[in-house]
Amino acid sequence: MKKFNPANALQDLSQFGEFGGVNPSVTDSATYTFMQAKTMTDTFKGETEGCFLYSRHWNPSNKYLSDALAAMENTEAGWVTASGMAAITCVILQICNTGDHIISSLTTYGGTFAFLSNYLKKFNIEVDFVNISDLDAVKKAIKPNTKMIYTETMTNPMLQISNLPELSKISKANHLKLVCDNTFTPMIVTPANFGVDVVVYSLTKFVNGKNDCVSGAICSTQEFINSLIDVNTGTAMLLGPAMDPKVSSAILKNLGDLHIRMVQHSKNAMYLANKFKENGIKANYPGLPEFPDHDLLKSMMNPPYGFGGIISIDLGTEGRSFKVMEMMQDEKIGYLAVSLGYFKTLFSNSGKSTSSEIPQDLQEKMGMSEGLVRFSVGLDMDIERTFEKIKHCIDSVK
Ligand SMILES: *Cc1c(COP(=O)(O)O)cnc(C)c1O
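Residues numbered from 1 in each chain as written. Predicted model: local features only at pLDDT ≥ 70, side-chain atom pairs only at ≥ 80, totals over all residues. Heavy atoms only, no water.

A.B. asks: I'd like a description of the overall build of the chain, backed by residues and values.
C.D. replies: If you tally the helices and strands in the chain, you get 15 helices and 12 strands. Taking 21 Å as the expected radius of gyration for a compact globule of 398 residues, we find that the chain reaches 21 Å, a close match to that expectation. A principal-axis box enclosing the C-alpha atoms of the chain has dimensions of 75 × 55 × 40 Å. Going through the 398 residues of the chain one by one, you find that 56% of them count as buried. A fraction of 71% describes how many contacts in the chain between residues 6 or more apart in sequence connect residues 24 or more apart. (Helix = DSSP H or I, 4+ residues; strand = E, 2+ residues; numbered from the N terminus. Rg over C-alpha atoms; globule rule 2.2 N^0.38 Å. Buried < 20%, exposed > 50% of the residue type's maximum accessible area, 1.4 Å probe, protein only. Contact = heavy atoms within 4.5 Å.)

This is how it looks when you write it as structure tokens:
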């Protein structure tokens, strides 16, 4: 079998506009006309292909982006949402009912962690957090009411890698749904190829790459996507986090160079990781052979895209990390900002920002030190110069 390549899948897609425009037309309509009244009724019942009813359900611009993401993720279908959190929360609430149980990776995005550990209490949905690399712990956590295993391909900020083929075996043997957030590794890993049932994304990060909007996506089977937008019982349809079509049309254009951006992000991060190592700076990067999950990621990745654009370094104390970050911003290395996947380098202290929802004791359990600085490495042309500047900042702050 030919190896799946997400960039080829996108390249082979023909999507063009109403008037032959190479970019599909933006459909900025909330509602749609029908030539026959019966077609409207049939559309409500979900019995008509290619008919649009109302933009909370489907919008043509959103459909183009959803189809492109489904092609990239090698899934039957997709649906785009107004944020990554909307994608994540809709999927969880669609699959789980009151009284159900979820097994989640201990390390997830802070918002996801807060939703799982606090918000789901409203629905009496129980969540057990486990070290997702400990497959025995995952198996042991399964209960009669377990519905889902939730994880991220590459977790934030320790960059732990989920063993998707093994997690899929466990979930299939126990009739669970395996849900995976692939935000850190678009193009690099195609979770559906390893048996993941539902892939969720914050498109806000690498996929869009411009930091000009928040956005998300869900990729899965046609059946699951249809269930999400069912007019009577679909979480996405009823909670209503539909993407603005002007946003989806902009993201679709940014998808066209995602493969090149991922290669460059990875190349730059690999360069920095090696340089940090050479200079005795403690760096966490999956591309380093000594990284615990290096071989695991290698076994799952689509080869040309590298090990990703995220790297974290330990600067010891909070105080030192704050000073180094402020200096790095002054030295124009990038911005002291949360988020990731931007063309400029972004850096933040994980424990004090994007993972601050996670209690201190759990942060320690994850190996997240108070001086941990996460870099989302930019598309810098001259990464050698960037490294010299970073080194200067680190050396200047004792
Ligand atoms: C940012 C992020 C999210 C949340 O996405 P939003 O678009 O901000 O709602 C979810 N998961 C991961 C891994 C993220 O980095």
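A.B. asks: How would you sum up helix 10 (residues 245-255)? Please name residues and give values.
C.D. replies: Where helix 10 is concerned, the buried positions are Pro-245, Ser-248, Ser-249, Ile-251, Leu-252, Asn-254 and Leu-255. Where helix 10 is buried, its residues contact helix 1 (6-11), helix 3 (60-73) and helix 11 (258-278). At the N-terminal boundary of helix 10, the capping side chain belongs to Asp-244, with an oxygen 2.8 Å from the backbone nitrogen of Lys-246. (Polar contact = N/O pair within 3.5 Å; in protein donor to acceptor, adjacent residues only side chain to side chain.)

A.B. asks: So what's going on with the sheet that holds strand 10 (residues 334-336)? Which residues, and what values?
C.D. replies: Taken together, 5 strands build an open sheet; the order of strands is 8-9-12-11-10 and the sheet is mixed. In this open sheet, the two strands that pair with only one neighbour each are strand 8 (283-284) and strand 10. As judged from the 3 bridges shared by strand 10 and strand 11 (residues 345-349), these two strands associate in the parallel manner. Paired with Tyr-335 across the two strands is Leu-346, which belongs to strand 11. Lying over the sheet, helix 11 contacts strand 8 and strand 9 (310-314), oriented at roughly 20 degrees with respect to strand 9. (Pairing = 2+ DSSP bridges. Axes fitted to C-alpha atoms, helices over the stretch in contact; angles between N-to-C directions.)

A.B. asks: Tell me about the pattern of salt bridges, and please be specific about residues and values.
C.D. replies: Tallying each qualifying case throughout the model produces 11 salt bridges. Ionic pairing is found between Glu-290 and Lys-277, a salt bridge with its closest N-O pair at 3.2 Å. Taken together, the positions of Glu-290 in the loop between strand 8 and helix 12 (294-300) and Lys-277 in helix 11 put the pair 13 residues apart, joining distant regions of the chain. Assessed through its relative accessible area of 48%, Glu-290 is described here as partly exposed. (Salt bridge = Lys/Arg side-chain N within 4 Å of Asp/Glu carboxyl O.)

A.B. asks: Can you explain the sheet that holds strand 7 (residues 216-220)? Please cite residues and give values.
C.D. replies: As summarised here, the arrangement of the 7 strands in space is 1-7-6-5-4-2-3, forming an open sheet in which the pairing is mixed. The outermost strands of the open sheet, each flanked by one partner alone, are strand 1 (77-81) and strand 3 (126-130). For this sheet, the mean inter-axis angle between neighbouring strands, taken without regard to orientation, is 20 degrees. Both strand 1 and strand 7 contribute to a ladder of 5 bridges, which runs antiparallel. Looking at the pairing, Thr-81 lines up with Gly-216 of strand 7.

A.B. asks: Can you tell me about the packing of aromatic side chains, naming the residues and giving the values?
C.D. replies: Counted according to the given criterion, the structure contains 8 aromatic pairs. Ring geometry for Tyr-32 against Phe-52: centres 5.7 Å apart, planes inclined by 40 degrees, an arrangement best described as tilted. With a gap of 20 residues between them, Tyr-32 in the loop between helix 1 and helix 2 (37-44) and Phe-52 in the loop between helix 2 and helix 3 connect regions that are remote in the sequence. One exposure class covers both Tyr-32 and Phe-52, and it is buried. (Phe/Tyr/Trp six-rings, centres within 6.5 Å; stacked < 30°, edge-to-face > 60°.)

A.B. asks: If you had to explain the nonpolar core to someone new, which residues and values would you point to?
C.D. replies: Counting 75 residues, the largest nonpolar core has Leu-69, Leu-203 and Leu-255 as its most contacted members. Both of domain 1 (6-256) and domain 2 (259-396) provide at least three residues apiece to this core. Counting 30 residues, the second-largest nonpolar core is a separate cluster that includes Phe-52, Ile-102, Leu-116 and Met-148. (Core = buried A, V, L, I, M, F, W, Y, C linked by side-chain atoms within 4.5 Å. Domains from an automatic or database assignment.)

A.B. asks: If you had to explain the environment of Pro-359 to someone new, which residues and values would you point to?
C.D. replies: Take Pro-359: it is sitting in the loop between strand 11 and helix 14 (360-366). Pro-359 sits 55 residues away from Pro-304 along the chain, and the two C-alpha atoms are 37 Å apart.

A.B. asks: Describe the layout of surface pockets, naming the residues involved and giving the relevant values.
C.D. replies: Taken as a whole, the largest pocket encloses approximately 610 Å³ of empty space. Along its surface, the largest pocket is lined by 27 residues, and Thr-48, His-57, Trp-58, Asn-226 and Ile-229 are the ones closest to its centre. When contributions to the lining of the largest pocket are tallied by element, the ones reaching two or more residues are helix 2, helix 3, strand 1 and helix 8 (222-228). No other element matches helix 8, which puts 4 residues into the lining of the largest pocket. When its volume is computed, the second largest pocket comes out at roughly 380 Å³. (1 Å grid on protein atoms, 1.4 Å probe; cavity = no way out; pocket = protein on both sides within 12 Å on 5 of 7 lines; lining within 4 Å. Points joined across faces, edges and corners; volume = space filled by probe spheres on them.)

A.B. asks: Could you give an account of the packing of helix 4 (residues 84-95) against helix 5 (residues 110-117), with specific residues and numbers?
C.D. replies: Packing of helix 4 against helix 5 leaves a shortest axis separation of 10 Å and a crossing angle of 30 degrees. Between helix 4 and helix 5, the interaxial angle falls into the category roughly parallel. Of the two possible hands of crossing, helix 4 and helix 5 adopt the one that is right-handed. Counting all contacts with helix 4, which are made through Met-85, Ile-88, Thr-89, Ile-92 and Leu-93, the residues of helix 5 involved are Gly-111, Thr-112, Phe-115 and Leu-116. (Parallel < 35°, antiparallel > 145°, perpendicular 65-115°, else oblique. Left-handed = near helix turned anticlockwise from the far one by under 90°.)

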